[in-house]
Amino acid sequence: MKRWRLHPLAAGLVSSLCAAAHAVLPTVPTPAAEPVRSFGAAGLLQAGFGLAVVVALIFLCAWAARRFGLQTPGSGRLLKVVSSAMVGQRERVVVVEIGDSWLVLGVAAGQVRALHTMPAGKLSEAPASSALPGMTGAGAFSQKLLESLGKLNKPRKQD
């Protein structure tokens, strides 16, 4: 095969034609890379503003509920539940205070019955009895835990 060699004069001519065509023809600029968005003060400001709007909406809804009577006021109620205890899976015994008297009510699925009426008294400070003998309230667990930890920390006798 024969190699074609381009004469230096012809090479200059082709080069000048390319340069002239480049100068005359419109060129499309190369797209610049988009700048990377930083999450600086603007992002924090936007998030903080959104959080403030949500909190303001919560307070506005609470105010509207109180203003238009959607919530019953806590003070000055005629009826007050003094105590309640579970008797069965769906049955409860509830002590309710109305004025100067206490009503003992039996509450079951679909019905409420008055069991006893008595004058209002003060609640005793004695701990309530539990279903398990020897176990009373939340203090029983902590007492048993302390006893078992004490047993673990005592050195054992060696035979």
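Reading the values: rules and limits
Residues numbered from 1 in each chain as written. Predicted model: local features only at pLDDT ≥ 70, side-chain atom pairs only at ≥ 80, totals over all residues. Heavy atoms only, no water. Helix = DSSP H or I, 4+ residues; strand = E, 2+ residues; numbered from the N terminus. Buried < 20%, exposed > 50% of the residue type's maximum accessible area, 1.4 Å probe, protein only. Contact = heavy atoms within 4.5 Å. Areas by Shrake-Rupley, 256 points an atom, 1.4 Å probe, with all protein chains shown as cover. Patch = residues over 30% accessible without salt bridge, like charges linked within 9 Å, V, L, I, M, F, W, Y side chains within 5 Å. Salt bridge = Lys/Arg side-chain N within 4 Å of Asp/Glu carboxyl O. Expected span 1.5 Å × (residues − 1). Pairing = 2+ DSSP bridges. Axes fitted to C-alpha atoms, helices over the stretch in contact; angles between N-to-C directions.

### Some points on the overall build of the protein
Looking only at helices and strands, the protein features three helices and four strands. Element order for the protein, N to C, with α for helix and β for strand: α-α-β-β-β-β-α. Within the protein, buried positions represent 6% of all 159 residues. Taking as baseline every contact in the protein between residues at least 6 positions apart, the subset at least 24 positions apart corresponds to 1%. Roughly 15,200 Å² of accessible area belongs to the protein as shown, and the carbon and sulfur atoms make up 65% of that amount.

### What about a nonpolar patch on the surface?
A grouping of Phe49, Val53, Leu57, Leu60, Trp63 and Phe68 is seen on the molecular surface, where their side chains present a nonpolar patch of about 680 Å² in accessible area. Here phenylalanine 49 lies in helix α2 (residues 41-67).

### Examining the environment of valine 94
Its place among the elements puts valine 94 in strand β2 (residues 92-98). For the pair formed by valine 94 and valine 81, sequence separation is 13 residues and the distance between their alpha carbons is 7.3 Å. Among residues more than four places away in sequence, those in contact with valine 94 are Val81, Ser83, Ser84, Leu103, Val104, Leu105 and Val107.

### So, α2
In this model, α2 (27 residues) spans 38 Å end to end at C-alpha, consistent with the 39 Å of a helix rising 1.5 Å per residue. Looking one or two places after α2, you find glycine 69, whose phi comes out positive at around 75°.

### Some remarks on the sheet that holds strand β1 (residues 79-86)
Here four strands make up an open sheet; going across it, the order is β1-β2-β3-β4 and the pairing antiparallel. At either margin of the open sheet sits one strand with a lone partner, and together these are β1 and β4 (111-119). Taken pair by pair, the neighbouring strands of this sheet meet at an average axis angle of 25°, ignoring direction. Note that β2 and strand β3 (residues 101-108) share seven bridges and pair antiparallel. When the bridges of β3 are listed, valine 96 appears paired with leucine 103.

### Some points on the pairing of β1
The pairing of β1 with β2 spans seven bridges and is classified as antiparallel. Residue pairing in the sheet places lysine 80 in a bridge with glutamate 97 of β2. As consecutive antiparallel partners, β1 and β2 are separated by five residues.

### Side note on the pairing of β3
Linking two consecutive strands that pair antiparallel, namely β2 and β3, is a turn of two residues; a positive phi of about 65° is found at glycine 99 within it. Across eight bridges, the pairing between β3 and β4 is antiparallel. Pairing of glycine 106 across the sheet is with arginine 113, part of β4. Joining the antiparallel neighbours β3 and β4 is a turn of two residues, in which glycine 110 adopts a positive phi near 90°.

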